[in-house]
Amino acid sequence: MNLSPLDGAVLLLFLAAILALGFSAKLRDSTVLQYLVAGRNLSMPAFVATLVSTWYGGVLAIGDSIKAYGIGTILLFGVPYYVFAVVYAAYFAKRVRGAEQISIPERLAQRWGKSVGLVGAFLVFMLAVPAAHVLMLGTMAHLITGWNMTLSVCVATAVGTLFLYKGGLLADVRAGLLAFVMMYVGFFVIAGWCLIHYPIGSVVQHLDPDLKKIDGGQGWLGFLSFFILGAWTLVDPGFHQRVASARTPELGKKGVYVCVVFWMLFDILSVTTGLYAISILKPVPSGLEFFPLLGNQVLPPGLKAIFLCGLTGTILSAMVGYTLVSGATFGREFLARIRPSSSDSDIKLFTRIGFAVACVLAVVIALQVTNVVVDLWYAYSGAVVGALLLPVCAAYLPGFRLKASAKWVSAAMLLAFFTSFAWMIEGKRTDNPYLEVPIAGQKFTLGTIIPGLIVSAIVLGFGEVASRRALKT
């Protein structure tokens, strides 16, 4: 990228500010509760800022979606998550914050016992490993410094998570506040600059016809397949942790509604920017360089750095957030459950070990990925979501009166995950990464979440029948 001395100075100042905010976090006490969920005392601004930036940390990958679906990106990748976030706020938020448990595996263990909690911990850890964010932050480091990708990914991951070892969630939140501000400032800058210098009418006029369609040319079946993946929101461990950390149950509920409004605004900004990138960049770049290269081409010195800060800060905030969740899951929900006598200091040590394990695994996965949306979100994460969704709903929703025993719930989660994982491998083998099947003359993207849900429902159904019969006898 063509960076001026002014751009370099702004980027260095931003990095220094992020690190200073993270390292200056002071915990009120040395308890695990303070370290992992900030004493469950997040204010509304802190809650909204950290949840918005964490949940939108895949900003570079959205560029691939805009290239493929144009205006339809809002319907396919925005609306499903708005809907399920509203569902979460209405039915989950108060129960998540009002309960003593602070994690999904802990809730599963409280409902069905230790074995289910351990299976849940394995799945949550697999979902929380920040491979996508590690890859995107490494891409930003590569574009800014010119280092090779392997070095960029490794250095960005190490530097970006250092303050987490000391300050836990509070350090993440402090850095996330700056990231939240910069993500909106950065996209307002580039969207505003493009709107002033390039007429939006001519940009839309020259788009491919499918990119002008509200459904991105996917049809109602295509929309349905994307919509189902939005249920990820209900079992996302980062989402859950933020709600569990809110000061009150009511704040958690209202805060999610506020976040939905901010996500809508950011989707409008990012899709508008993406349409300009399709029009201006020739050829249109592939992979994760879509947004950075647009900023590099159209913005003047200074403003270019502000936009890059917005991108980098958003990704960094999400990477740190999911590293915290995966480390806590590894340390508190897995190792500490195997060693019930573990003290708070032991659990914090296990959690810090978990940070390192999660980061190493994330780097290994990231360096093998070719497409974040397909490989990590639609296929890999879909397999985990399909395995977790029904048991998590049953654990939190009182109307979901599941009587299946622990062995059936564990079997349902494991069989669902491994079935979906095998289906994902088959898609790779047959060069059908979206796992499309023909239905009613259209291609329906089955993905990995639907097979997982089907297997999970069948096993839980058998478990329900068996458990009810056992009760009668």
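This text goes with the structure placed above it.
Okay, so let's go over this structure. Just so it is clear, the model here is predicted, and its values are computed rather than measured.

**Here's the deal with the overall build of the protein**
Stage number 1. For the protein, the count of helices and strands is 21 helices and 2 strands.
Stage number 2. For a compact globule of 473 residues, the expected C-alpha radius of gyration is about 23 Å, and the protein comes in at 22 Å, within 12% of that figure.
Stage number 3. When its C-alpha atoms are laid out on the principal axes, the protein stretches across 75 × 60 × 40 Å.
Stage number 4. Within the protein, contacts between residues at least 6 apart in sequence are counted, and of these 83% link residues at least 24 apart.
Stage number 5. Put simply, the protein shows about 18100 Å² of open surface, and 68% of that area lies on carbon and sulfur atoms.
Stage number 6. Taking the 34 positively charged and 21 negatively charged side chains of the protein as two groups, their mean positions are separated by 10 Å.

**Quick word on the side chain of Ser342**
Stage number 1. Secondary-structure assignment places Ser342 in the loop between α17 (303-338) and α18 (344-366).
Stage number 2. One polar contact links the side chain of Ser342 to the main-chain carbonyl oxygen of Arg339, over a distance of 2.7 Å.
Stage number 3. Those residues in contact with Ser342 that lie beyond four places of it in its chain are Ala336, Ile347 and Phe350.

**Digging into the nonpolar core**
Stage number 1. Counting residues in each nonpolar core, the largest one holds 163 residues, and the members touching the most others are Phe47, Trp112, Phe187, Phe239, Trp263, Leu311 and Leu388.
Stage number 2. Dropping the residues within four chain positions of it, Leu311 is found in contact with Val59, Leu60, Met140, Phe187, Phe291 and Pro292.

**Details of unusual backbone geometry**
Stage number 1. Between Lys282 and Pro283 the backbone carries a cis peptide bond, its omega angle lying at -5°.
Stage number 2. Relative to the elements of secondary structure, Pro283 occurs in the loop between α15 (249-280) and α16 (290-298).
Stage number 3. Of note, Arg40 is a non-glycine position whose phi angle comes to about 55°, a positive value.
Stage number 4. Examined against the element boundaries, Arg40 turns out to sit in the loop between α2 (32-37) and α3 (44-55).
Stage number 5. For Arg40, a relative accessible area of 10% gives the class buried.

**Focus on the packing of α16 against α17**
Stage number 1. Interhelical geometry of α16 versus α17 gives an angle of 165° and a closest axis separation of 9 Å. By the angle class used here, α16 and α17 are roughly antiparallel. In this structure, α16 crosses over α17, and the sense of that crossing is right-handed. Listed contacts from α17 to Phe291, Pro292, Gly295 and Asn296 of α16 are Lys304, Phe307, Leu308 and Leu311.

Rules behind the numbers
- Residues numbered from 1 in each chain as written.
- Predicted model: local features only at pLDDT ≥ 70, side-chain atom pairs only at ≥ 80, totals over all residues.
- Heavy atoms only, no water.
- Helix = DSSP H or I, 4+ residues; strand = E, 2+ residues; numbered from the N terminus.
- Rg over C-alpha atoms; globule rule 2.2 N^0.38 Å.
- Contact = heavy atoms within 4.5 Å.
- Areas by Shrake-Rupley, 256 points an atom, 1.4 Å probe, with all protein chains shown as cover.
- Lys, Arg positive; Asp, Glu negative; His and termini not counted.
- Charge placed at Lys NZ, Arg CZ, Asp CG, Glu CD.
- Polar contact = N/O pair within 3.5 Å; in protein donor to acceptor, adjacent residues only side chain to side chain.
- Core = buried A, V, L, I, M, F, W, Y, C linked by side-chain atoms within 4.5 Å.
- Buried < 20%, exposed > 50% of the residue type's maximum accessible area, 1.4 Å probe, protein only.
- Axes fitted to C-alpha atoms, helices over the stretch in contact; angles between N-to-C directions.
- Parallel < 35°, antiparallel > 145°, perpendicular 65-115°, else oblique.
- Left-handed = near helix turned anticlockwise from the far one by under 90°.

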